[in-house]
Amino acid sequence: MHETCSNNLDSIIVLLANPNTYRGQSYAQAAERLGLHVLWAIDIPDKLASEWNMSLSVDFSDHDESVRTIVDLADEKQVVAVLAIDDSATLIAAEVCSLLGLPHNSRAAAMAARDKLVMRQHLQAGRVLCPQFMSFHHNENPEDISIHIGYPCILKPLLLNGSRGVIRANNPTEFKTAWHRVRSIINNAVGTRILVEDYIPGQEVAVEALGSDTGIKILAIFDKPDPLEGPFFEETIYVTPSLLPQEDQLEIESTLISSAKALGLRLGPIHAEFRLNEHGVWPIEIAGRTIGGLCSNILSFGSGRSLEELVLLQTSGSNIDKFTIDDRSKGVMMIPIPKSGILRKINGIKQAESIDGIDKIEITAKLNYPIYPLPEGDGYLGFIFAYCQSPYEVVEALRTSHALLQFHIESEILLEQIK
Ligand code: ADP
């Protein structure tokens, strides 16, 4: 039995989400378990919105109108919190909260955690380790840029996530090829600028944390045992607890706190990536949201609370300091998309699920739809979850299980109009 949150029946939490969010179900379940009333503000046209229970349709690309629509809600309902569960609406949530006088990160902090250029500027000003970086308009000539920058470098869009459009270049020729690729990705998605920064070598970790009035609390540090050296940066295995020495973990914690301070992030979920090398701990990215995909499913706190329950408890004013992560070794593999095409079939799921330590496999890609790997793609085929005696066994189980899956991907036949 789970205790429920004491709340007024008329008071609601507004959750802002993309229609294709991976996080919706976890938040919906968390709200239900806590007895909280949620109103979903979804970035979809009105017609489709009516199919979502109690949802409100909002066009996130129209910032002012989105803010107005949600603020207007407060005339009819008692809005006690507004939270963006994906990156794309964090600025809207921050502004609505500021207008309604609700606790939230400032708009400037939300912007710094959203835009990779602003994030680098804040980290540099906050004296946190930061690679050399520059940003360029996508119409600039890559030939000119390629002779003025250092190598290896990383090119990335400012507003995308999930490693989409992030490419390593080791020399001017690779830079020009990567430039054209990133440019067409942002033309099809969002943004006009490309960030170019030094490549930081080293071991990468991801950190899940929650900020509250009492400070920033680290919930989990995940090791990433597969090398992430480019040219593209496909996430695969996350495993926790981290096997890094205690002193490295303490340095990660202090870098997270100084990075969050530099950005102005104080409240709510924080998901961060760091690289460790002989110079110290380098922030790669600090975002004001929870971990991506379905990865949060492996985390559990106190007597079985989910990460999303902790976030909602904290958002609705409860103290979450007493909740600590359960002490099992656990991990998740984000199943990468091996090649582009139409996903026809996945075989071997039963065998892959029967491996010792594997809890379950969730396939999230739709059959008979086109799929694209990084750097253009923006999803995974699914997720493999594991719990074992040690992090080593978790990694072994995930790799063995993944090797048993067979993906049937047919090449896409593009039809051209006969002229
Ligand atoms: P996103 O928000 O799309 O995930 P990130 O900036 O976090 O973009 O980059 C995605 C991945 O690319 C990182 O997890 C890291 O592995 C790699 N990466 C990004 N920037 C750098 C860098 N400057 N040096 C080395 N690797 C990087």
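In this convention, every chain numbers its residues from 1, walking through the sequence in written order. Reporting of local features is limited, given that this is a predicted model, to residues whose pLDDT is at least 70; pairs of side-chain atoms are given and counted only at 80 or more, and all residues count toward the totals for whole chains, interfaces and linings. Values shown for side chains rest on all heavy atoms present in the structure; no hydrogens or waters enter the calculation.

1. With respect to the state of the cysteines
As a reminder, the rule being used: The definition used for a disulfide is geometric: two cysteine sulfur atoms within 2.5 Å. Burial classes: relative accessible area under 20% of the type maximum marks a residue as buried, over 50% as exposed, and values in between as partly exposed (1.4 Å probe, protein chains only).
Per the counting criterion, the structure on display carries zero disulfides. Free cysteine: Cys295, not disulfide-bonded; nearest cysteine sulfur from Cys388 at 16 Å. Given the relative accessible area of 1%, Cys295 is considered buried.

2. Observations concerning unusual backbone geometry
What counts here: By the criteria applied, helices consist of DSSP H or I runs no shorter than four residues and strands consist of E runs no shorter than two, each listed in order from the N terminus.
At the junction of Gly230 and Pro231, the peptide bond is cis and its omega measures out at 5° in the coordinates. For Pro231, the position within the fold is in the loop between β10 (215-223) and β11 (237-240). Following Leu374, the chain continues into Pro375 via a peptide bond in cis, with omega recorded as 10°. Tracing the backbone through its elements, the reader meets Pro375 in the loop between β17 (370-371) and β18 (382-388). Although it is not a glycine, Ser163 sits at a positive phi angle of roughly 65°. Along the chain, Ser163 turns up in the loop between β6 (153-157) and β7 (167-169).

3. Quick notes on the nonpolar core
Our working definition: By convention a nonpolar core is built from buried Ala, Val, Leu, Ile, Met, Phe, Trp, Tyr and Cys residues, the set being connected through side-chain atoms within 4.5 Å. Segmentation of the chain into domains, including their bounds, is taken from an automatic or database domain assignment. The contact definition used throughout considers only heavy atoms, calling two residues in contact when any of these lie within 4.5 Å.
Among the nonpolar cores identified, the biggest contains 40 residues, and Leu15, Tyr27, Trp40, Phe222, Leu312 and Phe383 are the most heavily contacted of them. Here the element with the most residues in this core is helix α10 (residues 307-315); it accounts for five residues. Residue contributions to this core reach at least three from each of two domains, namely domain 1 (11-105) and domain 3 (329-419). Ignoring sequence-local partners within four residues, the contact set of Phe222 consists of Val205, Ala206, Glu208, Tyr238, Val239, Thr240, Ile291, Ile298 and Leu299. Judged by nonpolar contacts, the second largest core, of 25 residues, contains Val128, Val205, Leu263 and Val281.

4. Thoughts on the sheet that holds strand β5 (residues 133-137)
The strands that make up a sheet are held in pairs by hydrogen bonds between backbone atoms, and each pair lies either parallel or antiparallel. Put simply, the test is: Pairing between strands is defined by DSSP: at least two bridges between the two strands are required. Axis definition: a line fitted to C-alpha atoms, over the contacting stretch in the case of helices. Angles run 0 to 180 degrees between N-to-C directions.
Strand order in this open sheet of four strands is β5-β8-β6-β7, and the pairing throughout is antiparallel. Lying at the two open borders of the sheet, with one neighbouring strand each, are β5 and β7. Averaged over neighbouring strand pairs, the angle between their axes works out to 25° when direction is ignored. Here β5 pairs with strand β8 (residues 193-198) via five bridges, running antiparallel. Among the inter-strand pairings, His137 is bridged to a residue of β8, identified as Arg193. Along the sheet, helix α6 (residues 116-125) makes contact with β5, β6 and β8, crossing β5 at roughly 150°.

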